[in-house]
Amino acid sequence: MKSVAQALDVNAVQSKIHSLEQKTNSLTINQNARGQDFLALYNMTRVIDNNVNQMGKQLTTQILRQNATTVTHFNDFINRFHDIETKQNASSAEFVSKISSLDGKVANNSKKVAITACRGSSKSFPDAVVRFSTVRSEIGINNIATFKSSGKFVCEIPGLYYISAHIRTNSGSNGIYVRKNSNYIAYSEADAVSSYSSNQYPL
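What you are looking at is a predicted structure, and each value in this text was computed from that prediction instead of being measured. (Residues numbered from 1 in each chain as written. Predicted model: local features only at pLDDT ≥ 70, side-chain atom pairs only at ≥ 80, totals over all residues. Heavy atoms only, no water.)

Trainee: Mind showing me how you'd approach the overall build of the chain here?
Mentor: Of the regular secondary structure elements, the chain holds two helices and six strands. Ordered by position from the N terminus, the helices and strands of the chain form the series α-β-β-α-β-β-β-β. Within the chain, the fraction of its 203 residues that count as buried is 7%. Taking contacts inside the chain between residues at least 6 apart in sequence as the whole, the part at least 24 apart equals 37%. (Helix = DSSP H or I, 4+ residues; strand = E, 2+ residues; numbered from the N terminus. Buried < 20%, exposed > 50% of the residue type's maximum accessible area, 1.4 Å probe, protein only. Contact = heavy atoms within 4.5 Å.)

Shown next, in the form of structure tokens:
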């Protein structure tokens with residue numbers, strides 16, 4: 001009986017050992033499976049990390065390109081704005097200059113210029129230039145002395161001038177010429193003795 005009991009105990013122990021071995025193998029298999037899962041998860045994590053890094057680089061590149069494009073467009077806008085501003089300033093300056101010139105012309109046109117002069121009788125002119133030494137009246141003329149001494153009237157203010165000359169002579173075949181800048185612009189001649197020569201010239 002004792003031998004049978006010992007045999008049963010040995011079988012029970014062997015059965016437990018076998019059961020433990022099966023559980024150990026099962027745990028080992030589970031552990032290996034978990035290790036494979038962990039490795040797969042690790043690899044997946046690395047792939048995701050690489051994808052994230054790649055996406056980050058692409059996003060950074062895209063942002064840099066967009067920033068460069070934005071800066072280029074902004075600089076182009078600033079340059080165009082400066083060009084428009086420069087043209088407007090030039091146009092304004094030209095407009096102001098034209099207004100000033102027009103104001104000057106209007107001011108000159110509003111100025112009055114007039115002179116009345118004569119010459120005594122018994123006077124000859126060897127150089128054929130009549131000098132009116134006696135000035136009866138004058139308006140807006142600064143250099144009367146030159147007119148008296150040279151016989152030349154200088155238009156100090158631009159505009160339309162009306163000239164009228166009246167000369168009496170006691171000898172025939174005499175006349176008067178009016179010249180502008182050495183060019184003859186009018187002529188009047190007396191054919192008879194003690195005749196009267198007159199002419200009027202708008203300039």
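Trainee: Explain the confidence of the model for the chain here, please?
Mentor: Any residue range with low pLDDT should be treated as having predicted coordinates unsuitable for detailed reading. Chain-level pLDDT for the chain is 77 on average; 82% of the residues reach the 70-or-more range. In the model, residues 194–198 has pLDDT below 50 throughout and makes 20 contacts with residues more than four positions away in sequence or in other chains. (pLDDT = per-residue confidence, 0-100.)

Trainee: What am I meant to see in the packing of aromatic side chains here?
Mentor: For any pair of aromatic rings, geometry is given as the distance between the ring centres together with the angle between the planes. Counted by the stated rule, this structure contains four aromatic pairs. Ring plane angle 85° and centroid distance 6.4 Å describe the contact between F147 and F153, whose orientation is recorded as edge-to-face. According to the relative accessible area criterion, F147 is buried, its value standing at 10%. Looking at F153, the relative accessible area reads 31%, which means it is partly exposed. Ring centres of F153 and Y161 lie 5.8 Å apart, and the angle between their planes is 65°; on these two criteria the pair is classed as edge-to-face. Among the residues examined, Y161 registers a relative accessible area of 13% and is labelled buried. One aromatic cluster in this structure is built from F132, F147, F153 and Y161. (Phe/Tyr/Trp six-rings, centres within 6.5 Å; stacked < 30°, edge-to-face > 60°.)

Trainee: Help me out: how do you make sense of unusual backbone geometry in this one?
Mentor: Trans peptide bonds make up the majority, and among non-glycine residues the majority have a negative phi. Of note in this structure, N181 is not a glycine but carries a positive phi near 55°. If you trace the backbone, N181 turns up in the loop between β4 (174–180) and β5 (183–190). Accessibility expressed as a relative area gives 67% for N181, which makes it exposed. Of note in this structure, S182 is not a glycine but carries a positive phi near 75°. Assignment of secondary structure puts S182 in the loop between β4 and β5. Given a relative accessible area of 61%, S182 falls into the exposed group.

Trainee: Help me out: how do you make sense of the pattern of salt bridges in this one?
Mentor: Two side chains of opposite charge can pair, provided their charged atoms sit close to one another. Inspection of every chain in the model, using the stated rule, returns two salt bridges. For R80, the salt bridge goes to D76, with nearest N and O atoms at 3.1 Å. A residue pair is termed a helical-turn pair when its members lie 3 or 4 positions apart in one helix, as R80 and D76 do in helix α1 (residues 2–110) at four residues. Residue class for R80 comes out exposed when judged on its relative accessible area of 54%. Under the relative-accessibility criterion, D76 is labelled partly exposed at 35%. (Salt bridge = Lys/Arg side-chain N within 4 Å of Asp/Glu carboxyl O.)

Trainee: I keep staring at a nonpolar patch on the surface and nothing clicks. Help me out?
Mentor: A contiguous nonpolar surface patch, about 390 Å² in accessible area, is contributed by L41, M44, I48 and V52. Looking at where M44 falls in the secondary structure, it is placed in helix α1. Of the residues examined, M44 reaches a relative accessible area of 49% and is grouped as partly exposed. (Patch = residues over 30% accessible without salt bridge, like charges linked within 9 Å, V, L, I, M, F, W, Y side chains within 5 Å. Areas by Shrake-Rupley, 256 points an atom, 1.4 Å probe, with all protein chains shown as cover.)

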